[in-house]
Amino acid sequence: QLLMFRGSNTVRDLIHDVDVRTADFHGIRMHKGLLDMYDTISDQSSWNTFGTPQEFEFVGGYSCGGVLAILCAIDRAIDERPIPHVITVATPPFVHPDSLDRVQDLLQNTRVTRVFNHRDIITKVPPYFSHPIADQHISIKPSQNGGWVKQHMTETYNDSLEKGEFVHDLCE
């Protein structure tokens, strides 16, 4: 089974996105706003609609949804029920550099794939946070048209997927 988290699409989501204070999550210093977003969904009964996270083979997400996927995997690792594979697409950095080793230890039984576009500014901000170490990095071809907003749009990533640019890499 597959569980995917979406990116920001409400004003409330955007408020979480810009709350870049630091908070603690299982001994990990990280982006407070994104942790607050995860906290609002992790205890909801909506999990029961689709199955609990430990029942999923793949968990993934786009933009801040990728962060939620990693946090879900960390929760499952704490419960000693690791999720086998996490795929993040266009995800911003969210872990304080001092906590990267802790994340790596918790996700040692999870294969993490990070898909990004090197021209996508969202994958680089806020600059004082880091991405968790991924087992696999896949850089897509950036859009030749449009500015920084176009680089982060799902259509830029979908175009690469439709062209088969990174499908082979995901299947390795």
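Reading the values: the criteria
Numbering of residues begins from 1 in every chain and follows the order in which that chain's sequence is written. Whole-chain, interface and lining totals are the exception, using all residues; otherwise, since this is a predicted model, local features are given only for residues with pLDDT of at least 70 and side-chain atom pairs are given and counted only at 80 or more. With hydrogens and water set aside, each side-chain value is computed from the structure's full complement of heavy atoms. A cavity here means a set of points on a 1 Å grid, drawn over the protein atoms and nothing else, where a 1.4 Å probe fits but cannot get out; a pocket is an open set with protein on both sides within 12 Å along at least five of seven lines, and a residue lines either one if it has an atom within 4 Å of a point. Grid points are joined across faces, edges and corners, and a volume is the space filled by probe spheres set on the points. Exposure categories follow from relative accessible area, calculated using a 1.4 Å probe and restricted to protein chains: below 20% of the type maximum is buried, above 50% is exposed, and the middle band is partly exposed. A helix here means a DSSP run of H or I that spans at least four residues, while a strand means a run of E at least two residues long, and both kinds are numbered starting from the N terminus. Picture the helix axis, draw a direction to every C-beta atom, and the arc is the one those directions span. By definition, residues are in contact when any of their heavy atoms lie within 4.5 Å. As used here, the term nonpolar core means buried Ala, Val, Leu, Ile, Met, Phe, Trp, Tyr and Cys residues forming a set that is joined through side-chain atoms within 4.5 Å.

Caption draft 1: Structural detail: empty space enclosed by the protein. Applying the stated criterion across every chain, the model contains 1 cavity of 30 Å³ or more. When its volume is computed, the largest cavity comes out at roughly 60 Å³. Every residue lining the largest cavity is listed: I70, T88, T91, F94, V112, R114, H131, P132 and A134.

Caption draft 2: Just helix α7 (residues 154-162), in detail. Turning to α7, its buried residues number three or more, namely T156, Y157 and S160. In a view along the axis of α7, the buried residues occupy a sector of 95°, so they form one face of it. Summarising the contacts, the buried residues of α7 are in contact with β4 (58-62), β5 (85-89), β6 (111-117), β7 (136-140) and α6 (148-152).

Caption draft 3: Local environment of the nonpolar core. Counting 32 residues, the largest nonpolar core has V59, L71, I74 and F94 as the members making the most contacts within it. Secondary structure elements with two or more residues in this core: β1 (2-5), β2 (22-25), β3 (28-31), α2 (32-42), α4 (64-78) and α5 (100-106). It is α4 that contributes the most residues to this core, 10 residues altogether. Every residue in contact with I74, bar those within four places of it in the chain, is listed here: F25, H26, I28, V103, L106 and L107. Ranked by size, the runner-up nonpolar core spans 7 residues in total, among them V89, V115, I138 and Y157.

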